[in-house]
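# What the coordinates show
So the chains spell out like this:
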Amino acid sequence: RQESRTSWSAHHAQFTTSEFNEPRFALAAEESTIQQKVASNGEPNYRFRAHDATVRAGNVPVFYWPQLGGESRDVPLRRLSAGYRGNIGPVVRTRWDAFTLLGREKPEGVDMTFDVDLMGDHGAGLGLNLDYDRPTMFGKLAGYLLVHDDAEDQIANRLDVDHDGETRGFIQLQHRHLLRDNWELSIEAAYVSDETFLEEFFRGEADQSKPFETSVYVKKQDEDWAFSFLAKTDLNDFIAQTPTLQAPGYTVEKLPELGYFRVATPLWDDRLTWYSENRFSRMRIRAGDDAPAERGFTAAQSM
């Protein structure tokens, strides 16, 4: 039913991108409304709101939510995969659009999803992924939690690492804020539950991600000089990522470090150019307290 020039309503409706008469994937709702708005670029923008919504694979409902909302191109289910692994059993992984499920309009430059997974004998897994890029700030928040892990981590060429009902996971925050008068603030925080979690479930974070740290960094830069303050430590008593573990094999704590820099300062009517880098720091090397066996290394590998 067309309610006005820019709005429609429907009962027992299905939304789908399928071109076939019987869609393989659809979003069904008892009641739904669609409104046409004008986007910032002048193009028409359709927003929907659905009550008593179900995600359907064919005629089978696989997910229910009391209320959904968003733009017409927004689908609450971002990712769905299923399989079977001989060592842990069935694995089902799903990723959901948080704003669509909450029925809220997505802020510009912000994306948030959450994961609901079944990881075989590792148990239920819950994840959160937030990315934002706003005019004066940008960053990300990522985390994952295994509620009750009774399985084994099996990493190639190592012994299995057993877990007995442990709660495992990781969380990482990276944030940068551009302040007034050329000041800049950067904050990082990271924590991993145990030595093999990243290698077993998030190899990209273990092998390629920026080194995890918990830090506060403040910098003021103006023309040819800069001042900085850094406080950095590690919340883990082990090294969580493989590149740092291989070399140098330790992290460096700085509590704090002050810096003052000059870059190409002209002197004597541009006859001379002055460069200067000055640091005052209280530093400490922190090696991991874990044993090689906790990562599944054999005695020979440990040697």
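Residues numbered from 1 in each chain as written. Predicted model: local features only at pLDDT ≥ 70, side-chain atom pairs only at ≥ 80, totals over all residues. Heavy atoms only, no water.

### Side note on the side chain of aspartate 290
In this fold, aspartate 290 is placed in the loop between β18 (272-286) and α5 (299-302). A polar atom in the side chain of aspartate 290 sits 2.9 Å from the side chain of arginine 295. (Helix = DSSP H or I, 4+ residues; strand = E, 2+ residues; numbered from the N terminus. Polar contact = N/O pair within 3.5 Å; in protein donor to acceptor, adjacent residues only side chain to side chain.)

### A word on the environment of leucine 77
Mapped onto the elements, leucine 77 comes out in strand β6 (residues 77-85). Each C-alpha atom, one on leucine 77 and one on threonine 113, is 9.5 Å from the other, the two residues being 36 residues apart in sequence. Ignoring sequence-local partners within four residues, the contact set of leucine 77 consists of Phe25, Val55, Thr94, Arg95 and Trp96. (Contact = heavy atoms within 4.5 Å.)

### Here's the deal with the pairing of strand β17 (residues 251-267)
Where a strand is regular, its side chains alternate between the two sheet faces. Sheet topology places strand β16 (residues 225-233) next to β17; 7 bridges connect them, and they run antiparallel. Across the sheet, the residue bridging to serine 228 is glycine 259, located in β17. Strand direction decides the pairing type here: β17 and β18, joined by 13 bridges, are antiparallel. Bridging across to β18, glutamate 253 finds its partner in arginine 284. Adjacent in sequence and paired antiparallel, β17 and β18 are bridged by 4 residues, among which tryptophan 268 carries a positive phi angle near 55°. (Pairing = 2+ DSSP bridges.)

### Focus on the packing of aromatic side chains
Scanning the entire structure with this criterion turns up 6 aromatic pairs. Measuring from ring centre to ring centre gives 6.4 Å for phenylalanine 170 and phenylalanine 197, while their planes differ by 45°; the resulting arrangement is tilted. With phenylalanine 170 in strand β13 (residues 166-178) and phenylalanine 197 in helix α2 (residues 197-201), the pair connects residues that are 27 residues apart, well separated along the chain. For phenylalanine 197, a relative accessible area of 0% corresponds to the buried category. (Phe/Tyr/Trp six-rings, centres within 6.5 Å; stacked < 30°, edge-to-face > 60°. Buried < 20%, exposed > 50% of the residue type's maximum accessible area, 1.4 Å probe, protein only.)

### Side note on the layout of surface pockets
In this structure, the largest pocket spans a volume of roughly 380 Å³. If you trace the largest pocket, you find 16 residues lining it, with Ala39, Ser40, Asn45, Glu71 and Glu105 closest to the centre. Considering each element in turn, the lining of the largest pocket owes the most residues, 3 residues, to strand β4 (residues 44-57). (1 Å grid on protein atoms, 1.4 Å probe; cavity = no way out; pocket = protein on both sides within 12 Å on 5 of 7 lines; lining within 4 Å. Points joined across faces, edges and corners; volume = space filled by probe spheres on them.)

### A few points about the sheet that holds strand β5 (residues 60-71)
With respect to topology, 5 strands assemble into an open sheet ordered β1-β2-β3-β4-β5, the strand pairing being antiparallel. Only two strands of the sheet have a single neighbouring strand rather than two, namely β1 (2-4) and β5. Neighbour-to-neighbour, the strand axes of the sheet open up by a mean angle of 20°, direction not taken into account. Across 8 bridges, strand β2 (residues 7-15) lies against strand β3 (residues 25-38) in antiparallel orientation. Bridge pairing links serine 9 to threonine 33 in β3. (Axes fitted to C-alpha atoms, helices over the stretch in contact; angles between N-to-C directions.)

### A look at the pairing of β5
Direction of pairing for β4 relative to β5: antiparallel, over a ladder of 10 bridges. The residue bridging phenylalanine 48 from the neighbouring strand is glycine 70, located in β5. Two successive antiparallel strands, β4 and β5, enclose a turn made up of 2 residues, where glycine 58 displays a positive phi of approximately 70°.

### Regarding the nonpolar core
Of all hydrophobic cores here, the largest spans 18 residues; its most connected members are Tyr144, Phe170, Val192, Phe197, Leu198 and Phe202. Looking at this core, the elements with two or more residues in it are β10 (137-149), β14 (183-192) and α2. With sequence-adjacent residues up to four places away left out, phenylalanine 170 is seen in contact with Ala142, Gly143, Tyr144, Tyr191, Val192, Phe197, Leu198, Phe202 and Phe212. (Core = buried A, V, L, I, M, F, W, Y, C linked by side-chain atoms within 4.5 Å.)

### Regarding the pattern of salt bridges
Overall, the coordinates contain 22 salt bridges when judged by the stated rule. Among the salt bridges present, the one from lysine 106 reaches aspartate 111, with a minimum N-O distance of 3.5 Å. Residue lysine 106 is classed as partly exposed on the basis of its relative accessible area, which comes to 30%. Taking relative accessible area as the criterion, aspartate 111 reaches 26% and is therefore assigned partly exposed. (Salt bridge = Lys/Arg side-chain N within 4 Å of Asp/Glu carboxyl O.)

### Brief notes about the environment of glycine 204
Residue placement: glycine 204 occurs in helix α3 (residues 203-207). Residue class for glycine 204 comes out partly exposed when judged on its relative accessible area of 40%. Residues glycine 204 and glutamine 241, 37 residues apart in the sequence, show an inter-C-alpha distance of 9.8 Å.

### Description of a negative patch on the surface
Side chains of Asp121, Asp150, Glu152, Asp160, Asp162, Asp164 and Glu166 sit close together on the surface and give a patch of like negative charge. Tracing the backbone shows aspartate 150 in the loop between β10 and β11 (152-153). (Patch = residues over 30% accessible without salt bridge, like charges linked within 9 Å, V, L, I, M, F, W, Y side chains within 5 Å. Areas by Shrake-Rupley, 256 points an atom, 1.4 Å probe, with all protein chains shown as cover. Lys, Arg positive; Asp, Glu negative; His and termini not counted. Charge placed at Lys NZ, Arg CZ, Asp CG, Glu CD.)

### With respect to the side chain of serine 7
Mapped onto the secondary structure, serine 7 falls in strand β2. Taking relative accessible area as the criterion, serine 7 reaches 12% and is therefore assigned buried. Within the structure, serine 7 has its side chain in polar contact with the side chain of serine 4 (distance 2.7 Å). Non-local contacts of serine 7, meaning those with residues more than four positions away in its chain, are made with Arg1, Gln2, Ile34 and Gln35.

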